[in-house]
Structures are given as C-alpha cells and as structure tokens.
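Summary of the model geometry
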Amino acid sequence: MARIGMLTPSSNTVLEPVTSKLTAELEGVTVHYSRIRVTAIKLGDDSDRQFSVDAMVEAAKLLADALVDVIVWNGTAGSWLGRDYDIELCRRIREETGIPATTSTLAFEEAYSALKARRIGLVTPYTVDVNERIVERYSLSGIGCAAHRCSGLHVNEQFANVGFEEIGSMIDQVAEAGADAVAVVCTNMNAASLAAAYEEKHGIPVLDSVSVTAWQALRLAAVDASSLANRWGGIFQLK
C-alpha cells in the first residue's frame, strides 16, 4: 500500500481527476488531497501571497493526519517564484510532519536531469510575462529554452478550458524549435493524455506537469509505475 498526499490549488479542476486515472492503474496506491486557495496567476505580491509557506504547511499537516507516505505540492509556482521557494516549502513540511515532500517544480528538475534535457520547449496557459519569468528562472539552473508558447490567461479556473487542439499546436511549435523535451508547465492544463502521442510524433519527451508530479511522488513512495508509460508517456519508465 502507498498513500500519497497532494496539496492542490483551490481552483484546479484537472490534477485530481487525472491523477486519479493514473493511479487507478496501480494496485494499492491511493491519493489524498488538501486544497490551498489559488485563483489567479500573475507576477506581483498579490499573486505571490497565495503561496504562503505557512498556509501550505497547515494544509500539509491535515494530510499528515492520514499517515500519507509522501506530501506533494502539486503546483508549479516555484517555476516563476524560484526553486528556493520550493526547497524551503519542502523543508518546512518535513520539519513539521516528518514526511518526505516534493513539488511539481522539483519533479521537473529531476525529470530534466534524468533525461539529460538541457533545452526545453515551454508550453503554458499563462501570460507572456509569466512565461518569460519561468525561462529566466530555468536559466539560473542551467536549463535553456528553445521556444515558449502560452494561452495568455491569468484566471486559474480558465486554464482547464484550454482545448486539446490548442495545446497540441503549442507542443508542435516548441518541439519543432529544437527542444530536447517539451514541458507543459501548469497542473491545471489538461495535457497528460496527449503526451504519449506527441512523443511518438516528435521523438522527444513530452512532460506534462500532472504526470511528472505523479511520477516523482510514486518514486518517493517506492512504487513501480513503469506500466503507465505506454498510455501516459515515457516519463514513467524512468526510475
């Protein structure tokens, strides 16, 4: 048995059903959720305050009551706030609960390292300035960006409404720019089910945020998820 605890943005309607579909294929794995109020993604203090570490830790304590094996912040805020935010969040969660912790952003770092991907194509539902900040933050960790595309949205609930055709078109554009891998950065963007097909189309990894976060959580819980690779993407073949 493995119990995974996930902190989720309050207006996110993608990550829970997708994660449930993923893990339903793995016997003995259950996922449990606690929500953090997040309604919009913009640069600036008003948006940043949504990601208070103290609030995250309080929500993590509720998950700890369920004796989960790992706690995950299933959100990509660290990609524009900076990895130090995620490092501190994980440290506080471990300190307060005694449970291993990770985040979507740190999961991406692990995936890039495992795949030796140094130049990514970035796809998001965000506005251009948020994309540019992500590119800037990535560069500090030695990850370049071949190209980036976005939907120009800032209301978090609306991210889930970006259609498969639009997402696929953005994946095509950044993949064709010479990326080592495509990163769909947002856990409320419904791209997980597209990954395997676009990997076959372009011959490079397509890393969806929900899938990458689930992959890292399952690794920390010592769960073999390689059976998910054919349906959900090659990330699940990585140990």
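Details of the structure are given in the entry above.
Residues numbered from 1 in each chain as written. Predicted model: local features only at pLDDT ≥ 70, side-chain atom pairs only at ≥ 80, totals over all residues. Heavy atoms only, no water.

Right, let's get into the nonpolar core. Counting 89 residues, the largest nonpolar core has Ile-4, Leu-7, Phe-51, Tyr-112, Val-182, Leu-218 and Phe-236 as its most contacted members. Examining the composition of this core, we find that 7 residues originate from one element, helix H3 (residues 53-64), more than from any other. Leave out the neighbours within four places in its chain, and Phe-236 touches Leu-22, Ser-211, Ala-214, Trp-215, Leu-218, Ala-225, Ser-226, Leu-228 and Ala-229. (Core = buried A, V, L, I, M, F, W, Y, C linked by side-chain atoms within 4.5 Å. Buried < 20%, exposed > 50% of the residue type's maximum accessible area, 1.4 Å probe, protein only. Helix = DSSP H or I, 4+ residues; strand = E, 2+ residues; numbered from the N terminus. Contact = heavy atoms within 4.5 Å.)

Moving on to the environment of Ala-229. The topology assignment puts Ala-229 in helix H12 (residues 229-232). When near neighbours in sequence (up to four residues on either side) are disregarded, Ala-229 contacts Gly-234, Phe-236 and Gln-237.

Below, the discussion takes up helix H6 (residues 104-115). Between its terminal C-alpha atoms H6 stretches 16 Å, which fits the 16 Å expected from 12 residues at 1.5 Å a residue. Looking only at H6, the buried set comprises Ser-104, Thr-105, Leu-106, Ala-107, Phe-108, Ala-111 and Tyr-112. (Expected span 1.5 Å × (residues − 1).)

For the rest of this paragraph, the subject is the layout of surface pockets. The computed volume of the largest pocket comes to approximately 230 Å³. If you trace the largest pocket, you find 16 residues lining it, with Arg-83, Glu-109, Arg-137, Tyr-138 and Ser-141 closest to the centre. Only helix H4 (78-81), helix H5 (83-97), H6 and helix H7 (128-140) provide two or more residues apiece to the lining of the largest pocket. Sorting elements by how many residues they give to the lining of the largest pocket places H6 first, with 5 residues. (1 Å grid on protein atoms, 1.4 Å probe; cavity = no way out; pocket = protein on both sides within 12 Å on 5 of 7 lines; lining within 4 Å. Points joined across faces, edges and corners; volume = space filled by probe spheres on them.)

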